[in-house]
Amino acid sequence: MKRALIGLLALGMGLSLAQQAPLKIGVVVSATGPAASLGIPERNTLVILEEQVNRRGGVAGRPVQFIIIDDASDTTQAVRATRKLIQEDGVLAIIGTTTTPASLGMIDPAAEAGIPVISLAANLEIVAPVDEKRRWIFKTPQTEQQMSTPIVQDMKANGVKTAAYIGFNDAYGEGWAKAFEAAAKEAGITVVASERFARTDTSVTGQILRILSRNPDAVLIGGSGTAPVLPQRTLKERGYKGLIYQTHGVANPDFLRVGGDNVIGTRLPAGPILVFDQLPSSFPNKNVAQSYVQQYEAKYGIGSYSTFGGHAYDAWAILRPALERALKKEQSSNLAAFRKVLRDEIEATKGVVGTHGIFTMSPTDHLGLKFQEAAVMVEVVKGEGGKLDWKLVRTFR
């Protein structure tokens, strides 16, 4: 009898320990390399969220563990990190990575393993079309197609008839070139030049001279992080007086710091979190954005937040309730079965209010954002004390 009681107690202790096993979530971000100004706030945000969720009791009573790997802004390292998280760490899902080329590279290993991934990169091809591979892939940032619309609308409002494009010579830059040219054509704006540059280039003089020879009314720079400062600075140094647009890939404090006076007057579409304090009180995700910014600045300092940390926050806002639902439906120890149920629950996301908009996904839409709620037009201005800042130009609701 005594032996049986001891056995029952041991079984109970074992079950208790099993219930406390952490829910492992893989994270791949570009905390170093050319995309570090994007990846660092993503990493920092997930550090905050891990502390917060575990302080409040975890998910379904279980702690959460984010296993964070830096891919150094390199596609090969991102793929290697993905395989490690799947094969060695046994994670339930992966958040990441920061850049478009690396996120595209992660699709194959994720699909092979049958594990859901929520990308933090912009390119539409990461999630579309939702085929046998991309059924496992989701994302939170606005696409280049969504953000081309407000750029073209703003160009039209400012009388632009001709425009030029210069962007990264990778999937991000090509995606923007395709989306912008399509939107411009529909709006009656002629794209008179289209150039490329590498993220690590130190000179783009030749490309800028070719653009200037076509005398465009406006120039769109298709890049992310701080690298797009280079073509903008070169345009200014060569005397360009037209409008300069950037993409939502530069909506971070480092772009302002590196660009200095050369980026004053820059116009770009951005997630509403960038100017949350300038939004009308009726804007649907203003309160969520404000709450996130307060949490981030409390840990990392006033003015340290960016839209990119918001993408990571939104990924967790989607993943957490999906985890809770999946834990109720699949309670076996079969990892593959749980990942499949979790994938289905992410796809079933409805009405999740994030820092960038409201996410409602479907079997054919693994982003679930409408640009009217997810984009605002901003301009870089010099504020009090000569400090550069973002000014809300218009919303699209």
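As the structure is a computational prediction, the values presented were derived from the model and not from experiment.

Thresholds applied
- All residue numbers refer to position in the chain's written sequence, counted from 1.
- Only residues with pLDDT of at least 70 get local features here, since the model is predicted, and only at 80 or more are side-chain atom pairs given and counted; chain-wide, interface and lining totals rely on the full set of residues.
- To obtain the side-chain values, all non-hydrogen atoms of the structure were included, while hydrogens and water were left out.
- Numbered from the N terminus, helices here are DSSP runs of H or I no shorter than four residues, and strands are runs of E no shorter than two.
- Throughout, nonpolar core names a set of buried Ala, Val, Leu, Ile, Met, Phe, Trp, Tyr and Cys residues whose side chains join them through atoms within 4.5 Å.
- Buried residues are those whose accessible area, probed at 1.4 Å on protein chains only, stays under 20% of the maximum for their type, while exposed residues exceed 50% and partly exposed ones sit between those limits.
- By the convention used here, strands pair only if DSSP detects at least 2 bridges between them.
- A crossover counts as right-handed when, viewed with the strands pointing away from the observer, the path leading from the first strand over the helix to the second turns clockwise.
- Nitrogen and oxygen atoms within 3.5 Å of one another constitute a polar contact, given that in protein one can donate a hydrogen and the other can accept it, and given that sequence-neighbouring residues count only through two side-chain atoms.
- Working rule for contacts: check all heavy atoms of both residues, and any pair within 4.5 Å makes them a contact.
- By convention in these notes, a salt bridge is any Lys or Arg side-chain nitrogen within 4 Å of a carboxyl oxygen on Asp or Glu.

Novice: Before we move on, can you summarise unusual backbone geometry with the specific residues and values?
Specialist: Glycine aside, a negative phi is what most residues show, and trans is what most peptide bonds show. Look at the link from Gly-96 to Thr-97: it is a cis peptide, with omega at 5°. Residue position: Thr-97 is located in the loop between β3 (93–96) and α4 (100–113). In this structure, Pro-129 follows Ala-128 across a cis peptide bond, with omega equal to -5°. Position of Pro-129 among the secondary structure elements: in the loop between β4 (117–119) and β5 (137–139). Of note, Ala-60 is a non-glycine position whose phi angle comes to about 55°, a positive value. Positive phi, normally seen in glycine, also occurs at Ala-72, with a value near 55°. Position of Ala-72 among the secondary structure elements: in the loop between β2 (64–70) and α3 (75–87).

Novice: Go over the nonpolar core with me, naming the residues and quoting the values.
Specialist: One finds Ile-25, Trp-316, Leu-319, Leu-323, Leu-342 and Ile-346 to be the most contacted residues of the largest nonpolar core, which totals 45 residues. For this core, the elements supplying multiple residues, two or more each, are β1 (23–29), α2 (36–55), β2, β3, α10 (286–300), α11 (307–329) and α12 (335–347). Take this core: its biggest share by element is 11 residues, from α11. Membership of the second largest hydrophobic core comes to 38 residues, among which are Ala-163, Ala-184, Val-204 and Tyr-245.

Novice: Let's hear about the pairing of β3: which residues, and what values?
Specialist: Across 4 bridges, β1 lies against β3 in parallel orientation. Considered in β3, the bridge of Ile-25 is made with Ala-93. Judged from the 2 bridges that link them, β3 and β4 form a sheet pairing that is parallel. Across the sheet, Ile-95 pairs through a bridge with Ile-118, a residue of β4. Traced from β3 through α4 to β4, the parallel crossover comes out right-handed.

Novice: Please provide a residue-by-residue account of the side chain of Thr-45, values included.
Specialist: Its location among the elements puts Thr-45 in helix α2. Judged by its relative accessible area of 1%, Thr-45 falls in the buried class. At a separation of 2.7 Å, a polar atom in the side chain of Thr-45 contacts the main-chain carbonyl oxygen of Pro-41. Within polar-contact distance, the side chain of Thr-45 engages the side chain of Tyr-292 at 2.6 Å. Beyond its immediate sequence surroundings of up to four residues, Thr-45 is in contact with Tyr-292, Tyr-296, Gly-309, Ala-312 and Tyr-313.

Novice: Tell me about the pattern of salt bridges, and please be specific about residues and values.
Specialist: Taken as a whole, this structure holds 18 salt bridges when the rule is applied. Residues Glu-345 and Arg-325 are paired through a salt bridge, measuring 2.6 Å at the closest nitrogen-oxygen approach. Remark: Arg-325 occurs in helix α11 and Glu-345 occurs in helix α12; sequence separation between them is 20 residues. We classify Glu-345 as buried; its relative accessible area is 7%. Judged by its relative accessible area of 30%, Arg-325 falls in the partly exposed class. Residue Asp-344 pairs with Lys-340 through a salt bridge whose shortest N-O separation is 3.6 Å. Placement of the pair is Asp-344 and Lys-340 together in helix α12, with a separation of 4 residues, close to one helical turn. Taking the relative accessible area as the measure of exposure, Asp-344 reaches 28% and is therefore partly exposed. Relative accessible area serves as the criterion here: at 42%, Lys-340 is assigned to the partly exposed category. Here the salt bridges do not stand alone but share partners, grouping Lys-340, Arg-343, Asp-344 and Glu-347 into one network.

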